[in-house]
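Listed here are the chains, written in short residue letters.
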Amino acid sequence: MLLQRKRSSRIQPLNIAGKEKEAAHLLQLASEVLTIEAEGIAGLIAKLDNNFVQAVQLIYQSRGRVIVTGLGKSGIVARKLVATFNSTGTSALFLHPVEAMHGDLGMISSQDILITLSNSGETKELTILLPSIHRLGVPLISLTGRPGSTLARHSTVVIDVGTPREACPLGLAPTASTTAALAMGDALAVALLTLRGFKDSDFRRVHPGGNLGQRLALAISEVMLVGDRIPLIEPDQSIQEAIAEMDAKRLGSTLVADAYGVLIGIITDGDLRRALRKSGNLQNQRVYEIMTSSPRSISPDLLASYALEFMEQYSITVLPVVDKQKLVKGILHLHDLLGRGEFKFTT
């Protein structure tokens, strides 16, 4: 019985004719996918209008950063656009829409530009942010396949990146639509590169090692914010004072240290929101009552690459930097590692 089982599990001789037919079918499928996606990008040319020009001018004239957001496959495209913007002279960072709902919206200032990617224009995690975005007074550029969608109606500028069909035969997996959004984002980046007079010497300056890995070989002490740039408050101070410190330093959080400078906690926008929802009034509360105690921290002697992995592992955007005695030495924000186009050195 065992011998028979082994014999039956042997690889059968190849059916050459069948394999050739299967290979031809696969190549045909690949050709159709590439044709559909190429047609989708080519179709964007006819849609280029003054909206594209206005979007480029808004970004070029802005004194802030380009913040790009999207969910799912659009979020992956958004991250790639951020990398392209940063490497071509336009300071950018990625904002996860879910994290934005839980405090990271605090990283946006009124001087920034927000770009949203959503083929349907109805992504709930994005549309729920619209009232907050309007209160911040941030110009909103939408790349969407539906110019009449909710997202489009509430945008400052709408760029139509719609495609006739997806390359997926089921019409479900984002394929042609994400390729089109990516291509339009590249068009924005190249237009801005040209307006800024960005040269090959500038490109080399922000690619000193040819890749991000070598840039992240710097020590954390070289890229962290230090001195007066650290949002810092004591546990007995009022919540109003904490909010004032967060507003002044604009990192969406503040570290909490004792009188000796030892880190004991952190307050984020999310902590404030949860405390307000719980009590309804923060007027008489103190920092120690709402702070997150013993926050995750990192040593200044480690590499920036380790800090990036650490922040991604724990889904945090702000990281205190402390020495062996837990004395506060600095603070890292994710966009100081990836989003500004070049590191902000502390020297």
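Just so it is clear, the model here is predicted, and its values are computed rather than measured.

**Some points on the overall build of the chain**
So, point 1. Regarding its fold elements, the chain presents 17 helices and 11 strands.
So, point 2. For the chain, with 347 residues in total, the buried portion stands at 43%.
So, point 3. A fraction of 67% describes how many contacts in the chain between residues 6 or more apart in sequence connect residues 24 or more apart.
So, point 4. Accessible surface, the chain as shown: approximately 18,600 Å² in total, 55% of it carbon and sulfur.

**Points about the sheet that holds strand β7 (residues 253-257)**
So, point 1. The 4 strands lie next to each other as β6-β7-β8-β9, forming an open sheet whose pairing is mixed. Bordering the open sheet on either side are β6 (232-233) and β9 (292-293), each of which pairs with just one other strand.
So, point 2. As defined by bridge partners, strand β8 (residues 263-268) adjoins β9 across 2 bridges and the pair is classed as antiparallel. In the strand pairing of β9, Ile266 is matched with Thr292.

**Here's the deal with the pairing of β8**
So, point 1. In terms of strand pairing, β7 meets β8 through 5 bridges, oriented antiparallel. What sits directly across from Leu255, in β8, is Ile266.
So, point 2. Linkage of β7 to β8, two consecutive antiparallel strands, is achieved through a turn of 5 residues, within which Gly261 is found at a positive phi near 90°.

**Focus on helix α4 (residues 73-87)**
So, point 1. Under the 1.5 Å per step criterion, the end-to-end length of α4 is 22 Å for 15 residues, consistent within 8% with the ideal 21 Å.
So, point 2. Those residues of α4 that fall on the buried side of the exposure criterion are Ser74, Gly75, Val77, Ala78, Leu81, Val82, Thr84, Phe85, Asn86 and Ser87.
So, point 3. Gly89 sits one or two residues past α4 and shows a positive phi near 95°.

**A look at helix α14 (residues 269-279)**
So, point 1. Of all the residues in α14, the buried ones are Gly270, Asp271, Leu272 and Ala275.
So, point 2. In this fold, the buried residues of α14 make contact with α13 (239-249), β8, α15 (287-290) and β9.
So, point 3. Looking at the residues trailing α14, positive phi occurs at Gly280, about 80°.

**Topic: the pairing of strand β1 (residues 66-70)**
So, point 1. Counted residue by residue, β1 has 5 buried out of 5 residues, so it is predominantly covered.
So, point 2. Residue alternation in β1 divides its side chains into two sets, Val66, Val68 and Gly70 and Ile67 and Thr69, and both sets are buried.
So, point 3. Two elements, β1 and strand β2 (residues 92-94), share 3 bridges in a ladder whose sense is parallel. Counted as the bridge partner of Val66 is Ala92 from β2.
So, point 4. Regarding the hand of the β-α-β motif, the stretch spanning β1, α4 and β2 is right-handed.
So, point 5. As judged from the 5 bridges shared by β1 and strand β3 (residues 113-117), these two strands associate in the parallel manner. Along β3, the bridge assignment pairs Thr69 with Thr116.

**Re the pattern of salt bridges**
So, point 1. If you walk through the whole model with that rule in mind, you get 6 salt bridges.
So, point 2. Asp112 is the partner of Arg65 in a salt bridge, and the nearest nitrogen-oxygen pair spans 2.8 Å. Linking Arg65 in the loop between α3 (50-61) and β1 with Asp112 in the loop between α5 (97-101) and β3, this pair joins segments that are 47 residues apart in sequence. In this pair, the class of Arg65 matches that of Asp112, namely buried.
So, point 3. With a closest N to O distance of 3.0 Å, Arg274 and Asp271 form a salt bridge. Here Arg274 and its partner Asp271 are both found in helix α14, 3 residues apart, which amounts to about one turn of the helix.
So, point 4. A relative accessible area of 39% places Arg274 in the partly exposed class.

Definitions and limits used
Residues numbered from 1 in each chain as written. Predicted model: local features only at pLDDT ≥ 70, side-chain atom pairs only at ≥ 80, totals over all residues. Heavy atoms only, no water. Helix = DSSP H or I, 4+ residues; strand = E, 2+ residues; numbered from the N terminus. Buried < 20%, exposed > 50% of the residue type's maximum accessible area, 1.4 Å probe, protein only. Contact = heavy atoms within 4.5 Å. Areas by Shrake-Rupley, 256 points an atom, 1.4 Å probe, with all protein chains shown as cover. Pairing = 2+ DSSP bridges. Expected span 1.5 Å × (residues − 1). Right-handed = clockwise from strand over helix to strand, strands pointing away. Salt bridge = Lys/Arg side-chain N within 4 Å of Asp/Glu carboxyl O.

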